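Close look at the chain arrangement
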2 protein chains.
Amino acid sequence: MNALPSAIIDALRAVLGPENATLHEPRFQGHEQRYVQDCIASTFVSSVGAYVDRFERELADYTGARRAVAVVNGTAALQIALQLAGVEAKDEVIVPALTFVATANAVHYLGAVPHFADSAKNTLGLDPTALRDWLGATAERSGDAWRNRHTGRRLRALVPMHTFGHPCDLNALLSVAHDYRLTLVEDAAESLGSRYHSRHTGTFGRLGTLSFNGNKIITTGGGGAILTDDKHLADHAKHLSTTAKVPHRWDYMHDEIGYNFRMPNINAALGCAQLEQLPKFLASKRRLAARYREAFAGLEQASLMQEPQGCESNYWLQTLILDEAAADQRDAILTATNDAGLMTRPAWTLMHQLPPYRDFPLAPLPMAESLARRLINLPSSAGLA
Amino acid sequence: MNALPSAIIDALRAVLGPENATLHEPRFQGHEQRYVQDCIASTFVSSVGAYVDRFERELADYTGARRAVAVVNGTAALQIALQLAGVEAKDEVIVPALTFVATANAVHYLGAVPHFADSAKNTLGLDPTALRDWLGATAERSGDAWRNRHTGRRLRALVPMHTFGHPCDLNALLSVAHDYRLTLVEDAAESLGSRYHSRHTGTFGRLGTLSFNGNKIITTGGGGAILTDDKHLADHAKHLSTTAKVPHRWDYMHDEIGYNFRMPNINAALGCAQLEQLPKFLASKRRLAARYREAFAGLEQASLMQEPQGCESNYWLQTLILDEAAADQRDAILTATNDAGLMTRPAWTLMHQLPPYRDFPLAPLPMAESLARRLINLPSSAGLA
């Protein structure tokens, strides 16, 4: 085995001990069983119930958003948030090339077109400087809106995603969004518990979205939420996610085309218990980051991702970034660590390299391409430290 | 109070006793708590897990379909089934006007156009005779396909829905589908346990779909499934519902635009327990139908919906149909029964009368319009008899 893979395994073992470790697994050591049992006993397991209301209230309280609307998953949350942000068929929506495919899919479901932009090294999220340069060269004003001068399509929204929990540079991105009249919608699927200048991610854009998939910092089995400070948007999000049914004692009237996206009460029951444990999970992940930093301190060809300045990251997935010179060892490291029972994984395939998104508009992506060749996620579950 | 509402309340009370009764509520008296507890203890609560595999296997066994693929809800199941049936943007898909809005929405999500057709009195589902007449006047051959001669759009699929659990006349509908080269996809959201000529609904079309929403005969909180005898379609349905991720040890490659539609394991755990009780629920609902028949036997201005000839219905929702002469008393009956704590409801607003579907293609709908004015669902929960 080469020196670098071997050194990385040694560093991981120093922190994790001799056991196998998955990338990220959920932890149910609070009231999960009790709340779910209570939910089943109530018979309200479906889209109406006390746990859904409570989960929404507690998410709003925790994040500081005025309202939270719980839905079936983060993708559904983003689809509805984008629709409410005014995204229409054939609009372009700027999303990072370095993201999970759901960010681009949610845009596509609305008939709109994802437009891929580059990442910043210090946050792994959208690079506001590169984006401003790109829009300066690419966007042209047309009445109230800005269009992509090459495609003629309206540029409608900007969707930063807080990669592995590390907040993007939101102030700079909000400034770009303002100047180009883009509505900012935050994909905070990975950043529950992460703050930018003390304020929770997902609450800076007109709407923000969370995910509670099984691999996230807290889970509802499958689930997501829409955050917003706008009561009307929140009510509309709830309406759209409950098939746009107009409340009535018995009539089935739907006043627009909605979705069957409401979070079931049984999943919300799990979520209420998980949310109670979030502070503990956050502390554990922060300890793990510190222990990894110590164990990897002597490693010369790679560095660990740290929370950006002025931010508090949830450290959802711990991330090692290889130096350029060591990038060609990425696959050897992935093979060696996974073979050793230590689950690691690379960055997602960049969006513009996925077959369905190959011919879509894109900015130059030098940093996203570089990061994708060098990035490795390490075992990150709460409870490992 | 008028004589008819009062007579209906008396008949309901004769069956249900003095207690209040909801329209339909779930019943958890089997292994629900045990399986869900076990699922949480396993930590596999999300989109991968033993209960999802088991639920799919047991659904296939029960329905006789070769394969079942579990997803987040019946709407998602229908969307994926229609996509796999070849429905493309701008195609027309024939659906009943008398259905829950999800049937039309699933067509719309694919960019296709629902085309509303009439119901038969004896099944409440699509009327094959009226449909054949309508297509004879409306469809024109164009190469291999048939088009709507008024809109020019391709007629692609036919989606019968088994209303309140009563099977449509599938043989006659299959014959119409064959003659007009329409792919038949069954919306069996309401008909788990219902059989047409001894074979389970949802297994006659190229694909069929089920729903396990909280109001259905069995529930997973929220959930649905796709049924098919075609292994390739089943594999593709699973692929599409798991974001079209290509299995790999670590790479994130998605080879088409998929969906985040997989059923979480915790919901499947509930489903496994519910499915064990389905025979008991079916027997209870059949007893309730018989007891309602007895109690309503003397009522002259209305009749109870009975399973169509050659069919075994699950009697999901018990249904009273007023005579034409009594149709103007429908709202008085709904008011009186609901005021008395006996939950009843009318048929759904017909699809072509919903604002978002007002300008869509439609056949003459005399029976659907007549039924919608006369139909009342009665308290139907398993355990009432």
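Residues numbered from 1 in each chain as written. Chains lettered and ligands numbered in written order. Predicted model: local features only at pLDDT ≥ 70, side-chain atom pairs only at ≥ 80, totals over all residues. Heavy atoms only, no water.

The next subject is empty space enclosed by the protein. Considering all chains together, one arrives at five cavities of 30 Å³ or more under this definition. What the largest cavity holds in volume is close to 80 Å³. Looking at the largest cavity, the residues that line it are A:Ser46, A:Ser47, A:Val72, A:Asn260, A:Arg262, A:Pro264, B:Val72, B:Asn73, B:Asn213, B:Gly221, B:Gly222 and B:Gly223. Class assignment of the residues belonging to the lining of the largest cavity gives a composition of three nonpolar, eight polar and one charged. Volume-wise, the second largest cavity comes out at about 40 Å³. For the lining of the second largest cavity, a count of residues per class yields five nonpolar, three polar and three charged. (1 Å grid on protein atoms, 1.4 Å probe; cavity = no way out; pocket = protein on both sides within 12 Å on 5 of 7 lines; lining within 4 Å. Points joined across faces, edges and corners; volume = space filled by probe spheres on them. Nonpolar A, V, L, I, M, F, W, Y, C, P; charged D, E, K, R; others polar.)

Further remarks concern the sheet that holds strand 12 (residues 302-304) of chain A. All names here are of chain A. In space, the four strands of this open sheet follow the order 12-14-16-15, with antiparallel pairing throughout. At either end of the open sheet lies a strand with only one pairing partner, and these are strand 12 and strand 15 (345-346). The sheet contact formed by strand 12 and strand 14 (residues 318-322) spans three bridges and is antiparallel. Looking at the pairing, Leu304 lines up with Leu320 of strand 14. Of the strands in this sheet, strand 14, strand 15 and strand 16 (375-378) touch helix 10 (residues 330-339), which is tilted by about 15° from strand 16. (Pairing = 2+ DSSP bridges. Helix = DSSP H or I, 4+ residues; strand = E, 2+ residues; numbered from the N terminus. Contact = heavy atoms within 4.5 Å. Axes fitted to C-alpha atoms, helices over the stretch in contact; angles between N-to-C directions.)

With that settled, the discussion passes to the UniProt feature "modified residue: N6-(pyridoxal phosphate)lysine" (unreviewed entry) in chain A. All names here are of chain A. Feature annotation in UniProt assigns "modified residue: N6-(pyridoxal phosphate)lysine" (unreviewed entry) to the following positions: Lys216. On the secondary structure map, Lys216 appears in the loop between strand 10 (207-211) and strand 11 (224-228). Apart from residues lying up to four places away in sequence, Lys216 is in contact with His24, Ala189, Glu190, Ser211 and Trp316. (UniProt positions renumbered as here; feature names shortened; annotations may be inferred.)

Let's shift gears to the interface of chain A and chain B. With 56 residues of chain A in contact, the opposing surface of chain B contributes 55 residues. Note on chain A versus chain B: buried area summed over both sides is about 4,900 Å², and carbon and sulfur give 64% of it. Broken down residue by residue, the surface that chain A buries against chain B is led by A:Trp250, A:Tyr252 and A:Ile257, which jointly contribute 16%. Our count for the chain A to chain B interface comes out at two salt bridges. Across the salt bridge formed by A:Asp339 and B:Arg249, the nearest N and O atoms sit 2.4 Å from each other. Considering only residue class, the side of chain A that touches chain B consists of 24 nonpolar, 23 polar and nine charged. (Buried area = accessible area lost by both parts, 1.4 Å probe. Salt bridge = Lys/Arg side-chain N within 4 Å of Asp/Glu carboxyl O.)

Time to look at the sheet that holds strand 13 (residues 311-312) of chain B. Residues and elements named next belong to chain B. In space, the three strands of this open sheet follow the order 9-8-13, with antiparallel pairing throughout. Each edge of the open sheet is held by one strand with a lone partner, namely strand 9 (199-200) and strand 13. By the bridge criterion, two bridges tie strand 8 (residues 195-196) to strand 13 in an arrangement that is antiparallel. For Arg195, the partnering residue across the bridge sits in strand 13 and is Glu312.

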